[in-house]
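Listed here are the chains, written in short residue letters.
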Amino acid sequence: GAVVSQHPSRVICKSGTSVKIECRSLDFQATTMFWYRQFPKQSLMLMATSNEGSKATYEQGVEKDKFLINHASLTLSTLTVTSAHPEDSSFYICSALVGTARETQYFGPGTRLLVL
Amino acid sequence: GEDVEQSLFLSVREGDSSVINCTYTDSSSTYLYWYKQEPGAGLQLLTYIFSNMDMKQDQRLTVLLNKKDKHLSLRIADTQTGDSAIYFCAEIMEYGNKLVFGAGTILRVKS
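Quick caveat, the model's predicted, so the values are computed rather than measured. (Residues numbered from 1 in each chain as written. Chains lettered and ligands numbered in written order. Predicted model: local features only at pLDDT ≥ 70, side-chain atom pairs only at ≥ 80, totals over all residues. Heavy atoms only, no water.)

*Asks:* Before we move on, could you go through the interface of chain A and chain B and cite the residues and values that matter?
*Replies:* Counting residues at the interface gives 17 residues for chain A and 20 residues for chain B. Both sides together, the interface formed by chain A and chain B hides about 1600 Å², and carbon and sulfur atoms give 56% of it. Where chain A meets chain B, there are zero salt bridges. Looking at the side of chain A that touches chain B, the elements with two or more residues in it are strand S4 (32-38), strand S5 (44-51), strand S9 (90-97) and strand S10 (105-107) of chain A. For the side of chain A that touches chain B, a count of residues per class yields nine nonpolar, five polar and three charged. (Contact = heavy atoms within 4.5 Å. Buried area = accessible area lost by both parts, 1.4 Å probe. Salt bridge = Lys/Arg side-chain N within 4 Å of Asp/Glu carboxyl O. Helix = DSSP H or I, 4+ residues; strand = E, 2+ residues; numbered from the N terminus. Nonpolar A, V, L, I, M, F, W, Y, C, P; charged D, E, K, R; others polar.)

*Asks:* Which residues make up the state of the cysteines, and what values go with them?
*Replies:* Residues and elements named next belong to chain A. Taken as a whole and judged by the stated rule, the model has two disulfides over all chains. Two residues share a disulfide in this structure: Cys 23 and Cys 94, whose sulfurs sit 2.0 Å from each other. With the S-S dihedral at roughly 80 degrees, the linkage between Cys 23 and Cys 94 falls on the right-handed side. Here the residue Cys 23 occupies a position in strand S3 (residues 19-25), and Cys 94 occupies one in strand S9, the gap between them amounting to 71 residues. Just as Cys 23 is buried, Cys 94 falls in that class too. The cysteine Cys 13 is free of any disulfide, with Cys 94 supplying the nearest cysteine sulfur at 18 Å. (Disulfide = S-S within 2.5 Å. Buried < 20%, exposed > 50% of the residue type's maximum accessible area, 1.4 Å probe, protein only.)

This is the structure in structure tokens:
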């Protein structure tokens, strides 16, 4: 299947700093990528849909100024957690849609963020 | 509204079959998915079924869909210790690409 990578896999930062997480589709082009957040022992919650060349669509309750999403190319979407606080500590997972076929959404390995 | 529910935990012995159940509420779901998540890792797509099907088999995996009862199950035959993970069912609506996940079922396989 298609491969999606995330970088970094793990990051620890101080409160108040910004952290950028990259999501790349390695062997295919993805016009649409998704960003999820997963708290320990909980399910994935969709944060936003990232569309190449246009603004991201955020889910209700997700602060777009806090979680900046940039989908500048067909293989890269970035999520920047601005002015991170301890409550932002979580597991962030991206996924990429292959073409327009709804059934082919492939997930990255996730990024563990710990804000001290 | 969108709601997907799963049992939280299942323990089986190695070699037995595992059956993980899921119920959903939205009748407009078109695709239903099973994902596997190992500790500290992302999600691996195991299989999916289109809503006009009632069964799909893929090697050791069998998916059963009862659309009338909005019930989805994943059967893993000859369960192995490597199958220990969290299994998520998810649905996608008729319009859009948004996946709605259940809370996940922890499968523990005892050797």
